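A closer look at the structure
One letter stands for each residue in the lines below.
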Amino acid sequence: MSLPTLREILALPAFQGAELVSGHSRLQEPVTWVHVSEVMDASRFLSGGELLLSTGLELARARPETRMAFIRSLAEDGAQGLALELVQWLHEVPGEMLQTSRLLEFPIIVFRSEVRFADLTRAAHQRILAKVTPPDEELLLESLLRALVETGRSAGFVQRQLGPLLSLPPRRAAPCSRRWRSCSPRNST
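Let us look at the structure shown here. Predicted model, so just to flag it, every value in this text is computed and none were measured.

Before going further, it helps to examine the pairing of strand β5 (residues 108–111). Here is the key point about a regular strand: its side chains alternate between the two faces of the sheet. Neither face of β5 is open: one carries I108 and V110, the other I109 and F111, and all of them are buried. Judged from the three bridges that link them, strand β1 (residues 19–22) and β5 form a sheet pairing that is antiparallel. Along β5, the bridge assignment pairs E19 with V110. With four bridges joining them, strand β4 (residues 81–85) and β5 adopt parallel strand pairing. Bridging across to β5, E85 finds its partner in F111. Where the polypeptide runs from β4 across helix α4 (residues 95–104) and back to β5, its parallel neighbour, the crossover connection is right-handed.

Next up, the structure:
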């Protein structure tokens, strides 16, 4: 699975109208998840790579130094950005937040009209969880077997992992189904 970059997330149709106001150098960073958060200690819930969405409810009530500390904590704890809806609680990004985010090269994205966070998270998560064509499974198995042989672990692996499967009694081939026009070669009569 290949994680999308912040640039790719912002290019999704659901993010139409998003405006990046800081952190332009971080557009190639991968986004692991998108969360909605209105708490000032959101960074304690992060595991890295998240894009946070907020209406700015608590940010509007906070003192300037608290808002600066909030941006610092997000940047230090691995968030990939903060998206603010500038409609109800905030109408502009507070100057100290913008200055701090620019010093840290931390992405702040703004929406100047109301957006549905459910639509944003759904679109982002569909892209994050999208399956990318996996590598050829035979090549993966071949690499695994080669490594087992090279390290002298192949016999133990076969016994532990494949032994129970290999010890099963053989099954008779299932008869061909009438709804199929032909049977597979091993089932043909």
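What follows picks up the thread again.
You can see T5 is positioned in the segment before α1 (6–10). On the basis of relative accessible area, T5 is assigned to the buried category, the value being 13%. Those residues within four positions of T5 in sequence are excluded, and the remaining contacts are L27, Q28, E29, P30 and V31.

As a further point, take the sheet that holds strand β2 (residues 33–36). The strands that make up a sheet pair up through hydrogen bonds in the backbone, lying either parallel or antiparallel. Here five strands make up an open sheet; going across it, the order is β1-β5-β4-β3-β2 and the pairing mixed. Strands with a single pairing partner mark the edges of an open sheet, and in this sheet they are β1 and β2. Shown here is a sheet whose adjacent strand axes are inclined to one another by a mean of 25°, direction ignored. As defined by bridge partners, strand β3 (residues 50–54) adjoins β4 across four bridges and the pair is classed as parallel. Bridging across to β4, L53 finds its partner in A83. Across the sheet, helix α5 (residues 117–129) touches β2, β3, β4 and β5, and the angle it forms with β2 is around 160°.

The rules we used
Residues numbered from 1 in each chain as written. Predicted model: local features only at pLDDT ≥ 70, side-chain atom pairs only at ≥ 80, totals over all residues. Heavy atoms only, no water. Buried < 20%, exposed > 50% of the residue type's maximum accessible area, 1.4 Å probe, protein only. Helix = DSSP H or I, 4+ residues; strand = E, 2+ residues; numbered from the N terminus. Pairing = 2+ DSSP bridges. Right-handed = clockwise from strand over helix to strand, strands pointing away. Contact = heavy atoms within 4.5 Å. Axes fitted to C-alpha atoms, helices over the stretch in contact; angles between N-to-C directions.

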